[in-house]
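Given next are the chains, with one letter for each unit.
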Amino acid sequence: METQSIINPDLVAKCGLYCGNCGKLKSGKCAGCTENTKATWCKARTCCIENNYNTCADCKTTNPRECKKFSNFVSDIFSVVFRSDRPASVEYIKQHGREAFIQLMNEQNRMVIKK
C-alpha cells in the first residue's frame, strides 16, 4: 500500500528538507525537525530557533552556502552521498514559499532538491 505524502508547512525542516516525505517520520520513528528535541546537535536548527526563523530561508544575514552553521564538513559529505542540494531548497523556499516547496517535493517524491 502506498503512503500519501503529508502536506504540512511545519514539516519543512529548518535546513530545507521536507520531512513530510521522510519514511522515518511516516513510520513514527522521527518527529521531524521542529518536534525533534534530541536534535540539539544541529547548528542550523539551533540558529533558526534562537532567531525565531521558520527555516534558514528567513535569514537575512547570509546565504546558506556561506553560513558555517548550515554548510559544514558533515553537510557537504551528505550532499555528495545523497546528491542533495539543501541550499537550493532553502533558496526555493525563499523565492516561492514553504507551500510551493512542499508541492514541488511531493511532485518529485523527495525531501530535498536534487543536484
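Residues numbered from 1 in each chain as written. Predicted model: local features only at pLDDT ≥ 70, side-chain atom pairs only at ≥ 80, totals over all residues. Heavy atoms only, no water.

Comments concerning the packing of aromatic side chains
Then, number 1: Considering all chains together, one arrives at two aromatic pairs under this definition.
Then, number 2: Ring geometry for F78 versus F82: centroids 5.7 Å apart, planes at 10°, classification stacked. In this pair, F78 and F82 both sit in helix α3 (residues 73-82), four residues apart, roughly one turn of the helix.
Then, number 3: Judged by relative accessible area, which is 47%, F78 ranks as partly exposed.
Then, number 4: The interplanar angle of 50° and the centroid separation of 6.4 Å between the aromatic rings of Y92 and F101 together place this pair among those described as tilted.
Then, number 5: For Y92, a relative accessible area of 24% puts it in the partly exposed group. (Phe/Tyr/Trp six-rings, centres within 6.5 Å; stacked < 30°, edge-to-face > 60°. Helix = DSSP H or I, 4+ residues; strand = E, 2+ residues; numbered from the N terminus. Buried < 20%, exposed > 50% of the residue type's maximum accessible area, 1.4 Å probe, protein only.)

Observations concerning a nonpolar patch on the surface
Then, number 1: A cluster of nonpolar side chains, contributed by F73, V74, I77, F78, V81 and F82, occupies part of the molecular surface with about 660 Å² of accessible area.
Then, number 2: Looking at the element boundaries, F73 is found in helix α3. (Patch = residues over 30% accessible without salt bridge, like charges linked within 9 Å, V, L, I, M, F, W, Y side chains within 5 Å. Areas by Shrake-Rupley, 256 points an atom, 1.4 Å probe, with all protein chains shown as cover. Salt bridge = Lys/Arg side-chain N within 4 Å of Asp/Glu carboxyl O.)

A look at the side chain of N21
Then, number 1: The topology assignment puts N21 in the segment before α1 (23-26).
Then, number 2: Owing to a relative accessible area of 10%, N21 belongs among the buried residues under this scheme.

Description of the packing of helix α4 (residues 86-96) against helix α5 (residues 98-108)
Pairs of packed helices are described in terms of their axes, by the angle between the two and the distance that separates them.
Then, number 1: The N-to-C vectors of α4 and α5 enclose an angle of 130°; their axes lie 7 Å apart at closest approach. The angle between α4 and α5 falls in the class oblique. Here α4 contributes S89, Y92, I93 and H96 to the contact with α5, which in turn contributes R98, A100, F101 and L104.
Then, number 2: When its residues are assigned to classes, the contact of α4 with α5 shows five nonpolar, two polar and one charged. (Axes fitted to C-alpha atoms, helices over the stretch in contact; angles between N-to-C directions. Parallel < 35°, antiparallel > 145°, perpendicular 65-115°, else oblique. Contact = heavy atoms within 4.5 Å. Nonpolar A, V, L, I, M, F, W, Y, C, P; charged D, E, K, R; others polar.)

A look at the side chain of S89
Then, number 1: Its place among the elements puts S89 in helix α4.
Then, number 2: At a separation of 2.9 Å, a polar atom in the side chain of S89 contacts the main-chain amide nitrogen of I113. (Polar contact = N/O pair within 3.5 Å; in protein donor to acceptor, adjacent residues only side chain to side chain.)

A closer look at the pattern of salt bridges
Then, number 1: As enumerated under the stated definition, the model contains one salt bridge in all.
Then, number 2: With a shortest N-O distance of 3.2 Å, R65 and D85 are connected by a salt bridge. Placement of the pair is R65 in the loop between α2 (43-50) and α3 and D85 in the loop between α3 and α4, with a sequence separation of 20 residues.
Then, number 3: For D85, a relative accessible area of 14% puts it in the buried group.

What about α5?
Then, number 1: Taken residue by residue, α5 has R98, F101, I102, L104, M105 and N106 as its buried positions.
Then, number 2: Here the buried face of α5 lies against α4.
Then, number 3: Phi for N109, located one or two positions after α5, is positive at around 50°.

With respect to the nonpolar core
Then, number 1: Core analysis: the biggest nonpolar cluster contains 26 residues, and Y18, F70 and F101 have the highest contact counts within it.
Then, number 2: Listing elements by their share of this core, those giving two or more residues are α2, α4 and α5.
Then, number 3: Those residues in contact with F70, other than ones at most four positions away along the chain, are C15, A44, C56, P64, S75, R86, P87 and V90. (Core = buried A, V, L, I, M, F, W, Y, C linked by side-chain atoms within 4.5 Å.)

Interpretation in functional terms is not warranted from these geometric data alone.
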